[in-house]
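Residue strings, one per chain:
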Amino acid sequence: MKEIRYIVVAGAIFSLILGGCKKKEEPAVFPDNLKVDVSSAISFPDLDKKKSMILSDSIITGTDLYQHLRALVYISDFSAGMIQNALNFVRSQSITKPVSFSYVSSDDQMEKTLVFTDHYLYRKEVWDYGLLITDAKMGNAFLMVWDLSPIRVIAILHPVAYNYNAEKQRDAFIKVEYGEDNPEYDKTMVVSAIRLDSTDVKYVKRMKVFFGKKGDVVSLYGNFNMPYAYVLSNIEARGRSWSFKAKNNVKEDIAVALCGLPVLTVNTVDKIWTDYSMDQVLKRQLMTLYPSILEQDADAYVSDAKGIAYFMGEQGFVSNDTDNPDPAKFTSSFIDMSDINPWAPAIIEALNVDF
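In every chain, residue numbers begin from 1 and rise along the written sequence. Given that the model is predicted, a residue must reach a pLDDT of at least 70 before its local features are reported, and side-chain atom pairs must reach 80 or more before they are shown or counted; all residues, however, enter totals for whole chains, interfaces and linings. Remark: hydrogens and water are excluded; side-chain values derive from all non-hydrogen atoms of the structure.

A. Structural detail: the overall build of the protein chain. If you tally the helices and strands in the protein chain, you get eight helices and 13 strands. Relative accessibility thresholds used throughout: buried, under 20% of the residue-type maximum; exposed, over 50%; partly exposed, between the two (1.4 Å probe, protein chains only). For the protein chain, buried positions account for 49% of its 355 residues. Any two residues whose heavy atoms approach within 4.5 Å at even a single point are treated as in contact. Sequence-distant contacts, at least 24 apart, represent 58% of the contacts inside the protein chain between residues at least 6 apart. Where accessible areas are quoted, they stem from the Shrake-Rupley method and a 1.4 Å probe; at the residue level, only the protein chains shown are allowed to cover. With the model as given, the accessible surface of the protein chain reaches about 17,200 Å², and the carbon-plus-sulfur share is 52%. A run of DSSP states H or I qualifies as a helix once it reaches four residues; a run of E qualifies as a strand once it reaches two. Both are numbered from the N-terminal end.

Structural data, given as structure tokens:
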């Protein structure tokens, strides 16, 4: 009995020690994450085939266009990852209280200054916390403001100021708005960017993409505005907004999507799915480029651009319209995207991102 009593007492003392340690721990002030992840079915780095995406001097099919959609989504996904990496660096500094200090970045050996404060005023709103990293020569590099309960974050990154050696999107201004306060989703993320340069051709001038996760399913929608893009003929007026909506089951690695190719001045969403649906745009372009083509031949050619597209894993596009490749996975509720829509292209044309 005495031995058992000693064990109980020792256990109680050990618990008190642990409790004492926990009391000394500083409360977390930084969110762990500000990113909503998607799978390769809808996000895939296929950037080498055509630097300028829909800009093409050859005949391009619906299959080509839908595969390119995955590369565009990847750009927004990658952009959010750049901001997540900046957050990871800040978290590695073990900051728990307001502080200001300078350091030499291991990325570019340039001097930076980090300022972290509470009760941060940003755009006439007081946030729980705010953090700003500036470069000694290039100015603002990374800004993050956030609340912890519920979690709401706005983060802005200027890659070339954060890391002068950055090879991707150096001149861009990228913003992520992350939240866990939307009753329709577990978490949401909106990625906005201007002056992208992910390839040698600056084909996307502005983009804005929404990601909303509920369980294993992420709903996506957005626009990639391309001021120099054309579809089939370089004679046509330049400028298209790649506008889309999609769903991605991350666990199953499947996705569905619907795309339109409106001109940049379109100021309503409904025209995206009627006048500027992908198949209608391709058909008009094809019949203009080849006036002698029969309409039924044009219809056959654009058949893989019609309706909803289905994606599976790294293969990506597998079928479209009524050709459901696996009804058990691509259920009626999963392929229903009636409650989500991108923005009107004209709204994205007015988009600006700065500190």
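The discussion continues.
B. View of helix 5 (residues 278-289). The terminal C-alpha atoms of helix 5, which comprises 12 residues, lie 16 Å apart, in line with the 16 Å expected from a rise of 1.5 Å per residue. Every buried residue belonging to helix 5 is among Met278, Asp279, Val281, Leu282, Lys283, Gln285 and Leu286, and all of these are buried. In this structure, the buried residues of helix 5 make contact with helix 2 (62-91), strand 10 (240-249), strand 11 (254-260) and helix 6 (295-301). Here a helix's expected span is defined as the number of its residues, less one, multiplied by 1.5 Å.

C. Up close: the packing of aromatic side chains. Pairing of aromatic rings covers Phe, Tyr and Trp, the last counted by its six-membered ring, and requires centre-to-centre distances within 6.5 Å; plane angles under 30 degrees mean stacked, over 60 mean edge-to-face, and any other angle means tilted. In the structure shown here, the tally under the stated rule is 19 aromatic pairs. Judged by centre distance (4.7 Å) and plane angle (15°), the rings of phenylalanine 210 and tyrosine 221 are stacked. Taken as a pair, phenylalanine 210 in strand 8 (residues 206-214) and tyrosine 221 in strand 9 (residues 217-226) lie far apart in primary sequence, 11 residues in all. The same class applies to phenylalanine 210 and to tyrosine 221, which are both buried.

D. The arrangement of unusual backbone geometry in detail. That bond from serine 149 to proline 150 is cis: its omega, -5°, falls within 30 degrees of zero. Counting through the fold element by element, proline 150 comes out in the loop between strand 4 (139-148) and strand 5 (151-157). Even without a glycine there, the phi angle at aspartate 253 is positive, about 55°. Topologically, aspartate 253 is positioned in the loop between strand 10 and strand 11. Within the chain, aspartate 321 stands out as a residue other than glycine whose phi angle is a positive 60°. Its place among the elements puts aspartate 321 in the loop between strand 13 (316-320) and helix 7 (332-335).

E. How the structure looks around the side chain of aspartate 147. Checked against the element boundaries, aspartate 147 lands in strand 4. Among the polar contacts listed, one links the side chain of aspartate 147 to the backbone nitrogen of aspartate 128, at a separation of 2.8 Å. Reaching out from aspartate 147, the side chain makes a polar contact with the side chain of arginine 152 at a distance of 2.8 Å. Every residue in contact with aspartate 147, bar those within four places of it in the chain, is listed here: Trp127, Asp128 and Arg152. What qualifies as a polar contact is a pair of N or O atoms within 3.5 Å, subject to a donor-acceptor requirement within protein and to the restriction that residues adjacent in sequence count only when both atoms come from side chains.

F. Quick look at helix 2. In a regular helix each residue adds 1.5 Å, so 30 residues correspond to 44 Å; helix 2 covers 44 Å between its end C-alpha atoms and thus fits that length. Among the 30 residues in helix 2, 22 count as buried, and that is most of the element.

G. Fine view of the pattern of salt bridges. Basic side-chain nitrogens of Lys or Arg form a salt bridge, by our definition, when they fall within 4 Å of a carboxyl oxygen of Asp or Glu. Enumeration over the complete set of coordinates arrives at 13 salt bridges. Between glutamate 252 and lysine 329 there is a salt bridge, with the nearest N and O atoms lying 3.6 Å from each other. On the criterion of sequence distance, the pair formed by glutamate 252 in the loop between strand 10 and strand 11 and lysine 329 in the loop between strand 13 and helix 7 is long-range, its members being 77 residues apart. Residue glutamate 252 is classed as partly exposed on the basis of its relative accessible area, which comes to 37%. On the accessibility criterion, lysine 329 (34% relative accessible area) is partly exposed. Connected via shared salt-bridge partners are Lys35, Asp37 and Asp77.

H. Structural detail: the nonpolar core. Within this scheme, the nonpolar core is defined by two criteria: the residues are buried Ala, Val, Leu, Ile, Met, Phe, Trp, Tyr or Cys, and they are joined through side-chain atoms within 4.5 Å. Judged by nonpolar contacts, the single largest core of 75 residues is most densely connected at Phe30, Leu69, Phe142, Trp242 and Phe311. Membership of the second largest hydrophobic core comes to 16 residues, among which are Phe210, Tyr221, Phe330 and Ile335.

I. Expanded view of the environment of tyrosine 301. Considering the arrangement of structural elements, one finds tyrosine 301 in helix 6. Residues tyrosine 301 and leucine 286, 15 residues apart in the sequence, show an inter-C-alpha distance of 9.1 Å.

J. Spatial organisation of the environment of leucine 258. Relative to the helices and strands, leucine 258 is located in strand 11. Taking the C-alpha atoms as reference points, leucine 258 and phenylalanine 244, 14 residues apart in sequence, are found 5.6 Å from one another. The contacts of leucine 258, once residues within four sequence positions are left out, are Tyr66, Ser243, Phe244, Lys245, Trp273, Gly307, Ile308 and Met337.

K. Structural view of the pairing of strand 7 (residues 187-194). Along strand 7, seven of the eight residues are buried, which leaves the element largely enclosed by surrounding structure. In the sheet, strand 7 pairs with strand 8 via eight bridges, with the strands oriented antiparallel. Its bridge partner lying in strand 8, isoleucine 194 is registered against arginine 206. Strands pair, by our definition, only if DSSP identifies at least two bridges between them.

L. The arrangement of the environment of serine 338 in detail. By secondary structure assignment, the location of serine 338 is in the loop between helix 7 and helix 8 (345-349). Separated by 93 residues in sequence, serine 338 and lysine 245 place their C-alpha atoms 9.5 Å apart. Separated by 2.8 Å, the side chains of serine 338 and aspartate 336 make a polar contact.

M. Spotlight on the pairing of strand 10. Counting buried positions along strand 10 gives 10 out of 10 residues, so the element sits mostly inside the fold. The two faces of strand 10 match: Arg240, Trp242, Phe244, Ala246 and Asn248 on one face and Ser241, Ser243, Lys245, Lys247 and Asn249 on the other face are all buried. As paired elements, strand 9 and strand 10 share 10 bridges and run antiparallel to each other. Along strand 10, the bridge assignment pairs methionine 226 with arginine 240. Where strand 10 and strand 11 come together, seven bridges link them in antiparallel fashion. Pairing of serine 243 across the sheet is with glycine 260, part of strand 11.

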